[in-house]
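# Chain and residue survey
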Amino acid sequence: MNCYCTSQTNGNDTCCRANELCSFSGNLDDVTVTPIYVQSVYDAVRFNMQGMRTVQNLRFSPALPCGCTINRVLDIRIKKVFDPSNASDCDNLTLEMETGISGACFVNDCHGTLETIGPDGVPSEKLLFAENSECESGGCGTPIFGTQNAKVWGNIVIYLDLAVCDNCGRESTMTLCAELSVAKQNCPLILTNFFELCMPDNSNSAFLPRLTELANVGFSGRLATNNINRDLCIGCNGDVSANMIITICVAAEKKITVPVQLCVLSTGFADAPMQENISGVMTCPGLYPERNDSSNDQCCY
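It should be emphasised that the depicted structure is a prediction, and the values quoted were computed from it without experimental measurement.

## Regarding the overall build of the chain
Helix and strand counts for the chain stand at 1 helix and 14 strands. Within the chain, the proportion of its 301 residues that are buried is 30%. For the chain, restricting intrachain contacts to residue pairs at least 6 apart in sequence, the fraction spanning at least 24 positions comes to 80%. Carbon and sulfur atoms form 52% of the exposed surface of the chain, whose accessible area is close to 19700 Å².

The following block contains the structure:
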């Protein structure tokens, strides 16, 4: 049970599952048509970039108990550092995309490149303009080319899951961790790639197309030579240091998007379940305007 006296659906008190906001009875009579104002993806391309970081004598903690030895490495896990109380902390693992365009240009004003609000709720889309008189006939788009620099800096935390053996021959598991700087902000790790996209005609539209970028960075680690005796060193106090190779993979996707109005089939509007945590009978206000799309002389369209 959670704090609102509703049962956990996954049987795990430390985790949760999202509420089901939409449902369908299976009856097609319940399906209606509704217009939505969204962004359409005109073209997109996805690519991966890889890099590598070697590290020697990385000190892990805590120290091994007295008399313990390492039998084997069970797993190596890596977590990105992020402090939610200070998003601009230079230790936070940061991925910054730097894009150059050929065949088109970003729309600028006196303050620099114009950016619009993207699906993520922040200014993340750049307006594009291209001279596309050669391709505007026949509904064809204009090819544009770009150079992508992915800049990575900040820290990661490496976890070593070990099988250790004490001086009586009993085996147990133990987790060690260490924080590692991938790169500094003033000298980031840079991965470069090239891409090609198709841009729609912008002369007969009320909206300029825009470029939006999605990117994520992941890490995997291994011992430098995959040999415990060579890569792991145990000090006289049980301190463990390691020689490792950290692989960095950046997944990126470029999209050309344009605003559109669509008619979609819908089973109704989503309705979040009520959590009753107030006492007494109250009439609470609604959150969304009432909507009636049926034929009614008293309604306006």
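## A look at the side chain of K255
Within the element layout of this structure, K255 appears in strand 14 (residues 240-266). Judged by its relative accessible area of 16%, K255 is buried. Engagement of the side chain of K255 in a polar contact is seen with the side chain of E253, the distance being 2.2 Å. Setting aside residues up to four positions removed in sequence, K255 forms contacts with V41, D43, A44, R210, L211, T212 and L214.

## Focus on the packing of aromatic side chains
With the rule as written, the count across this model stands at 1 aromatic pair. The interplanar angle of 15 degrees and the centroid separation of 6.3 Å between the aromatic rings of F47 and F195 together place this pair among those described as stacked. Within this pair, whereas F47 is found in strand 1 (residues 32-60), its partner F195 is found in strand 11 (residues 189-199), the two being separated by 148 residues in sequence. Judged by its relative accessible area of 6%, F195 is buried. In this structure, K126 packs its charged tip against the face of F106, placed 5.0 Å from the ring centre.

## A few points about the side chain of R210
By the secondary structure assignment, R210 is in strand 12 (residues 210-223). The class for R210 is buried, based on a relative accessible area of 10%. A polar contact is formed between the side chain of R210 and the backbone oxygen of L208, at a distance of 3.4 Å. Among residues more than four places away in sequence, those in contact with R210 are Q39, T116, E125, K126, L127, L128, K255, I256, T257 and P259.

## What about the pattern of salt bridges?
Overall, the coordinates contain 8 salt bridges when judged by the stated rule. Between K254 and E213 there is a salt bridge, with the nearest N and O atoms lying 2.3 Å from each other. Taken together, the residues K254 in strand 14 and E213 in strand 12 connect sequence positions 41 residues apart. Look at K254 and you get buried, because its relative accessible area is 0%. A salt bridge links K255 to E253; the shortest N-O distance between them is 2.2 Å. Across this residue pair, the class does not change: K255 and E253 are buried.

## Quick notes on the nonpolar core
Soluble globular proteins: nonpolar side chains tend toward being buried together. If you look at the biggest cluster of nonpolar residues, it comprises 46 residues, and the most contacted ones within it are F60, I156, I158, F219 and M244. Setting aside residues up to four positions removed in sequence, F60 forms contacts with I158, L160, L176, C177, A178, V240, A242 and M244.

## A closer look at the state of the cysteines
The final tally for this structure, using the stated rule, is 0 disulfides. In this structure C165 is a free cysteine whose sulfur lies 7.6 Å from that of C68, the closest cysteine sulfur available. Residue C165 is classed as buried on the basis of its relative accessible area of 14%.

## Quick look at the pairing of strand 10 (residues 171-183)
Pairing of strand 9 (residues 142-165) with strand 10, which is carried by 12 bridges, proceeds in the antiparallel orientation. Each bridged residue has a counterpart across the sheet, and for N155 the counterpart in strand 10 is S181. Count of turn residues in the strand 9/strand 10 antiparallel hairpin: 5 residues, of which G169 carries a positive phi of about 85 degrees.

## Quick look at the environment of S181
Relative to the assigned elements, S181 resides in strand 10. Sequence separation of S181 and V55 is 126 residues, and the distance between their C-alpha atoms is 9.9 Å. Contacts of S181, omitting those with residues within four sequence positions, involve R53, G154 and N155.

## Describing unusual backbone geometry
Most peptide bonds take the trans configuration, and most residues that are not glycine carry a negative phi. The omega angle of the peptide bond from S61 to P62 is 0 degrees, so this bond is cis rather than trans. Tracing the backbone through its elements, the reader meets P62 in the loop between strand 1 and strand 2 (69-80). The phi torsion at N57 lies on the positive side, around 55 degrees, for a residue other than glycine. Among the structural elements, N57 can be located in strand 1. Positioned with a positive phi, N226 is a non-glycine residue whose angle comes to about 55 degrees. When you line up the elements, N226 lands in the loop between strand 12 and helix 1 (228-231). Here N226 falls in the exposed class, since its relative accessible area comes to 54%.

Rules used in this analysis
- Residues numbered from 1 in each chain as written.
- Predicted model: local features only at pLDDT ≥ 70, side-chain atom pairs only at ≥ 80, totals over all residues.
- Heavy atoms only, no water.
- Helix = DSSP H or I, 4+ residues; strand = E, 2+ residues; numbered from the N terminus.
- Buried < 20%, exposed > 50% of the residue type's maximum accessible area, 1.4 Å probe, protein only.
- Contact = heavy atoms within 4.5 Å.
- Areas by Shrake-Rupley, 256 points an atom, 1.4 Å probe, with all protein chains shown as cover.
- Polar contact = N/O pair within 3.5 Å; in protein donor to acceptor, adjacent residues only side chain to side chain.
- Phe/Tyr/Trp six-rings, centres within 6.5 Å; stacked < 30°, edge-to-face > 60°.
- Lys NZ or Arg CZ within 6 Å of the ring centre and 35° of its normal.
- Salt bridge = Lys/Arg side-chain N within 4 Å of Asp/Glu carboxyl O.
- Core = buried A, V, L, I, M, F, W, Y, C linked by side-chain atoms within 4.5 Å.
- Disulfide = S-S within 2.5 Å.
- Pairing = 2+ DSSP bridges.

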